[in-house]
Amino acid sequence: MTAVVVVGAQWGDEGKGKIVDILTEHADMVVRYGGGPNAGHTLVVGDDKLIVRLIPSGILRPLTTCVLAQGMAIDPASLVTELDELARRGHVRAPGSLVVSDRAHAILPYHIVADGLRELGPGALGTTKRGVGPCYEDKAARRGVLLGGLRNLDAMGEVIERALGYWGPVIAGQGGTAPSRGEVMAHLRVLADRIVPLLGDSSKLAEDAVRSGKRVLFEGAQGTLLDIDHGTYPFVTSSNSTAGGACTGAGVGPTRIDYVMGLVKAYCTRVGGGPFPTELAGELGERLRKRGDEYGSVTGRPRRTGWLDLPALRYAVRVNGLDGLALTKLDVLTGLDSIDICVGYRVKGGITEDFPVLEAEHAVPVYETMEGWKDDIGGARSVESLPPAARRYVDRIEKEAGCPVALISVGSRRDETIVLRNPMSS
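Residues numbered from 1 in each chain as written. Predicted model: local features only at pLDDT ≥ 70, side-chain atom pairs only at ≥ 80, totals over all residues. Heavy atoms only, no water.

Quick notes on unusual backbone geometry
And step 1. Across the junction of Y233 and P234, the peptide omega takes the value 10°, indicating a cis bond.
And step 2. Here the phi dihedral of R142 falls at roughly 65°; this positive angle occurs in a residue that is not glycine.
And step 3. Within the secondary structure layout, R142 lies in the loop between α4 (132-140) and α5 (153-173).
And step 4. For R142, a relative accessible area of 75% translates into the label exposed.
And step 5. One non-glycine residue, Q222, adopts positive backbone phi at about 60°.
And step 6. A relative accessible area of 10% means that Q222 is categorised as buried. (Helix = DSSP H or I, 4+ residues; strand = E, 2+ residues; numbered from the N terminus. Buried < 20%, exposed > 50% of the residue type's maximum accessible area, 1.4 Å probe, protein only.)

Structure (structure tokens):
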């Protein structure tokens, strides 16, 4: 396959960092096409753990070109901090091997102030307070600041002045103080020299790579159920986190995409507010949280945990057009006597096997119980080497989703993976 999209099939945090890192062994280019520093991807290589928030997970592959596309919302300060941390760990990129779209929108200090103030009120959505939502608001309202503006800071200052004309009163109305134009400009002058050399036309770069037969991986952020159009609105992110977002966010046509892989955790998690029908409370929910290390990689907040939701997975397969699944964190379920799995919902009209996206807050899950397994599976490198109960669990997911399982993660390390099909490999 030449062009492969990797997308979360749940509420994010499905383990995209590890799976993308595995796939990029065979990739010439990795393009991050949406989201911002609100999405952290965790990479574990040996005993080293690295969290990237803006830079694509392919950064650990020195021969892979990494691209931050125009669909992203990028905090210049966070980007420079991330580059410095990568350099400190020895991951220094050659010129031209890390490209930032000059059409990506900049998250600026007033976005972060506004985001934080909103989360203090009764209408809080549980955002990461990184300014992503307000940045996308400016984009839609046509008062956004493109990163390409860093090439001409004087002209950029005029755009910032107009944006502050809106955000100043909004922030003051929430009891805060907006930064001045001078303060924002001083903030950017410190960062411009680091970022301007990285700027380029990411759309043309990705298109040229696909046309020339190079293997390009398009990396998503968050998950299907957080998509602004297809998620559990209003408890969603501010961008399109489904596979279609790869085309709009990266600037390539849909006919260029060869394969779409959806990441699904062997159970479900969610961070922040919003409906979560299969959520577990008490000891069992805490057990999954601790075994799965379910704490936000950006905020450190404990994630809500619950049983796997098959109707939601089928929904994700449909709206993304998934060709294959990467099943992650199967090892976290080891040791349970039994495992519940959501197969449908009780809604006002009766029982449905569809995910009730508009009624998710009040829908009642219908469960079936499957046998658990006790044997450690971290050393499994084939489906046949899994315990019988674990194999049946995988088979059930594949059958109910109507989508083949391509990879199975049985541990956090790169090598703790069962690879059934790698679409990036010849």
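Some details on the sheet that holds strand β1 (residues 3-8)
And step 1. The ten strands lie next to each other as β9-β7-β5-β2-β10-β1-β11-β15-β19-β20, forming an open sheet whose pairing is mixed. Across the chains shown, the open sheet's two edge strands, defined by having one partner strand only, are β9 (199-200) and β20 (417-419). (Pairing = 2+ DSSP bridges.)

Thoughts on the pairing of strand β5 (residues 65-68)
And step 1. Side chains T65 and V67 project from β5 onto one buried face, and the interleaved C66 and L68 project onto a second face that is buried too.
And step 2. Inspection of the sheet shows β5 paired to strand β7 (residues 98-101) by three bridges, in the parallel sense. Across the sheet, L68 pairs through a bridge with V100, a residue of β7.

Examining the packing of α4 against α5
And step 1. Packing of α4 against α5 leaves a shortest axis separation of 12 Å and a crossing angle of 125°. Classified by the angle between their axes, α4 and α5 sit oblique to one another. Pair α4 / α5 crosses with right-handed handedness. On the side of α4, the interface is formed by P134, E137 and D138, while α5 contributes A163, Y166 and W167.
And step 2. For the contact of α4 with α5, a count of residues per class yields four nonpolar, no polar and two charged. (Axes fitted to C-alpha atoms, helices over the stretch in contact; angles between N-to-C directions. Parallel < 35°, antiparallel > 145°, perpendicular 65-115°, else oblique. Left-handed = near helix turned anticlockwise from the far one by under 90°. Contact = heavy atoms within 4.5 Å. Nonpolar A, V, L, I, M, F, W, Y, C, P; charged D, E, K, R; others polar.)

Description of the environment of G71
And step 1. Looking at the element boundaries, G71 is found in the loop between β5 and β6 (73-74).
And step 2. With 178 residues separating them in the primary sequence, G71 and G249 have C-alpha atoms 3.7 Å apart.
And step 3. In this view, G71 contacts Y33, G34, G35, Y136, K139 and G249; residues no more than four positions away in its chain are not counted.

Thoughts on helix α6 (residues 181-195)
And step 1. Here α6 contains 15 residues, and its C-alpha end-to-end distance of 20 Å stays within 8% of the 21 Å for a straight helix at 1.5 Å per residue.
And step 2. Within α6, the axis deviates most sharply at R189, by approximately 35°.
And step 3. Tucked inside the fold, the buried residues of α6 contact α2 (76-88), α3 (109-118), α5 and β9. (Expected span 1.5 Å × (residues − 1). Bend = angle between axes of the 7 residues up to and from the residue.)

Some details on the packing of aromatic side chains
And step 1. Counted by the stated rule, this structure contains six aromatic pairs.
And step 2. Taking 4.9 Å as the distance between ring centres and 80° as the angle between the ring planes, the aromatic pair formed by Y166 and W167 counts as edge-to-face.
And step 3. Taking the centre distance of 6.0 Å and the plane angle of 45° together, the rings of Y315 and F355 count as tilted. Separated by 40 residues along the polypeptide, Y315 in helix α10 (residues 310-320) and F355 in the loop between β17 (350-352) and β18 (364-371) bring together distant segments of the chain.
And step 4. Each residue in the set W11, F276, Y315, Y345 and F355 is aromatic and connected to the rest through ring pairs, giving one cluster.
And step 5. The ring of Y166 has R143 sitting right over it, with the charged end atom 3.7 Å from the ring centre. (Phe/Tyr/Trp six-rings, centres within 6.5 Å; stacked < 30°, edge-to-face > 60°. Lys NZ or Arg CZ within 6 Å of the ring centre and 35° of its normal.)

Topic: the packing of α10 against helix α11 (residues 388-401)
And step 1. Running from N to C, α10 and α11 point in directions that differ by 55°, and their axes come no closer than 9 Å. One way to sum up the angle between α10 and α11 is to call them oblique. Taken as a pair, α10 and α11 cross one another with a handedness that is right-handed. Along its contact with α10, which presents L310, L313, R314 and V317, the element α11 presents I397, E400 and A401.
And step 2. Of the residues that constitute the contact of α10 with α11, the class distribution is five nonpolar, no polar and two charged.

So, to be careful, I would describe these as geometric facts and stop short of saying anything about function.
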